[in-house]
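Next come the chains, spelled out residue by residue.
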Amino acid sequence: MELKPNQVRLMMLKVADAIIEAEPMLSQADRDLGDGDHGLGMKRGMEAVKVQLEKLEPTTVEQVFVTTGTAMMTSMGGASGAIFGTLFRAGGKALSAAGRFDPPDLPLFFEAAAEGIMKRGGAKPGDKTILDALVPAAEKAKEVTNLPLPEALAAIAAAAEAGKEASKAMIAQFGRAKTLGEACVGFPDAGACSVVVMLNAMRDFVQS
């Protein structure tokens with residue numbers, strides 16, 4: 001199974017709806033560690049993504065992801081806009097002119113996304129950030145290139161979920177959560193929660 005550009009567009013519309021629906025959970029995750037605006041920022045970003053994708057007639061997979069990232073970057077502002085914009089823009093550009101999205105593309109997308117975020121923000125795995133879900137997803141993507149797309153995305157989403165859970169034990173090194181020190185132990189990173197919501201929506205789209 002592979003997704004053509006317009007199917008990737010439809011998948012990302014499902015991702016946008018999933019994030020918008022998850023806003024209360026994402027806001028609470030951020031309130032536990034920061035200022036509580038992550039969910040509303042993500043919702044605003046994905047509402048902008050929907051406006052752009054609904055009128056897009058893509059000829060490449062890259063177009064879909066770069067359009068998604070650009071809409072998030074320009075509508076959200078702040079650190080989250082830069083981080084999630086980079087995720088989709090860097091991941092999309094790694095697929096260059098791909099006319100489809102299939103399991104061998106997954107490690108290219110996720111590794112480029114993680115590397116782009118590390119370069120932009122200076123964080124690394126273990127710092128209690130989005131990377132604690134995204135890097136395990138990228139590592140799993142390398143192992144599942146021979147699986148059908150639904151199974152590959154299910155395995156990647158599960159790896160991100162495990163990474164998000166592992167972030168509960170970490171002490172934050174970035175953002176407002178950094179000021180909490182050991183008080184942030186026991187809570188997952190909000191950005192990691194967003195990655196899990198997105199990957200679960202991708203998995204559900206290809207399994208439906």
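Preceding block: the structure.
Below you will find a few notes about this structure. (Residues numbered from 1 in each chain as written. Predicted model: local features only at pLDDT ≥ 70, side-chain atom pairs only at ≥ 80, totals over all residues. Heavy atoms only, no water.)

### Some details on the packing of helix 1 (residues 5–21) against helix 9 (residues 190–207)
Put simply, the rule reads: Helix axes use the C-alpha atoms of the stretch in contact, all axes being lines fitted to C-alpha atoms, and the angles between their N-to-C directions lie in the range 0 to 180 degrees. Secondary structure elements follow DSSP: runs of H or I of four or more residues count as helices, runs of E of two or more count as strands, with numbering from the N terminus. By definition in this entry, angles of less than 35 degrees are roughly parallel, angles greater than 145 are roughly antiparallel, angles of 65 to 115 are roughly perpendicular, and the rest are oblique. If you view the pair so one helix is near and one far, a crossing is left-handed when the near helix is turned anticlockwise from the far one by less than a right angle, and right-handed when it is turned clockwise. The contact criterion used is simple: two residues touch if any of their non-hydrogen atoms lie within 4.5 Å. Ten residues, namely Ala, Val, Leu, Ile, Met, Phe, Trp, Tyr, Cys and Pro, are considered nonpolar, four, namely Asp, Glu, Lys and Arg, are considered charged, and the remaining ones, Gly among them, are considered polar.
Between helix 1 and helix 9, the least distance of the axes is 9 Å, while the angle of their chain directions is 135°. Considered as vectors, helix 1 and helix 9 are oriented oblique to each other. Once helix 1 is placed against helix 9, the crossing between them reads as right-handed. Residue-level inspection shows Q7, L10, M11, M12, K14, V15, A18 and I19 of helix 1 in contact with helix 9, the latter providing S194, V197, M198, A201, M202, D204 and F205. A per-class count over the contact of helix 1 with helix 9 returns 11 nonpolar, 2 polar and 2 charged.

### What to know about the side chain of D189
Counted only if it meets this: Only protein chains enter the calculation, and the probe is 1.4 Å; a residue is then buried if its accessible area is under 20% of its type maximum, exposed if over 50%, and partly exposed in between. Note on charges: Lys and Arg go in the positive column, Asp and Glu in the negative column, and His and the chain ends are not counted at all. The salt bridge criterion pairs a side-chain nitrogen of Lys or Arg with a carboxyl oxygen of Asp or Glu, the two atoms within 4 Å. As used in this structure description, the phrase polar contact means that two N or O atoms lie within 3.5 Å; if the pair is within protein, one of them must be able to donate a hydrogen and the other to accept it, and residues adjacent in sequence are counted only when both atoms belong to side chains.
Among the secondary structure elements, D189 is positioned in the loop between helix 8 (149–166) and helix 9. At 7.4 Å, K128 is the nearest oppositely charged side chain to D189, a buried residue that forms no salt bridge. A distance of 2.9 Å separates a polar atom in the side chain of D189 from the backbone nitrogen of A192. Not counting residues within four places of it along the chain, the set of residues in contact with D189 comprises L33, K128, T129, I130 and S167.

### A word on the pattern of salt bridges
Overall, the coordinates contain 10 salt bridges when judged by the stated rule. One salt bridge connects E165 with K164, and the closest N-O pair in it is separated by 3.4 Å. A single network of salt bridges, built from pairs that share partners, joins E161, K164, E165 and K168.

### Here's the deal with the nonpolar core
Spelled out, the test is: Nine residue types can take part in a nonpolar core, namely buried Ala, Val, Leu, Ile, Met, Phe, Trp, Tyr and Cys, and a core is a set of them joined through side-chain atoms within 4.5 Å.
Of all hydrophobic cores here, the largest spans 63 residues; its most connected members are F65, F101 and F110. The leading source of residues in this core is helix 9, at 12 residues. Every residue in contact with F65, bar those within four places of it in the chain, is listed here: V8, M11, M12, F88, R89, G92, L95, F101, F109 and M202.

### Observations regarding the environment of M198
Considering the arrangement of structural elements, one finds M198 in helix 9. As for M198 and I117, which are separated by 81 residues in sequence, their C-alpha atoms are 17 Å apart. Leaving out residues up to four positions away in the same chain, M198 has contacts with V15, I19, M42, M46, M72, F84 and F88.

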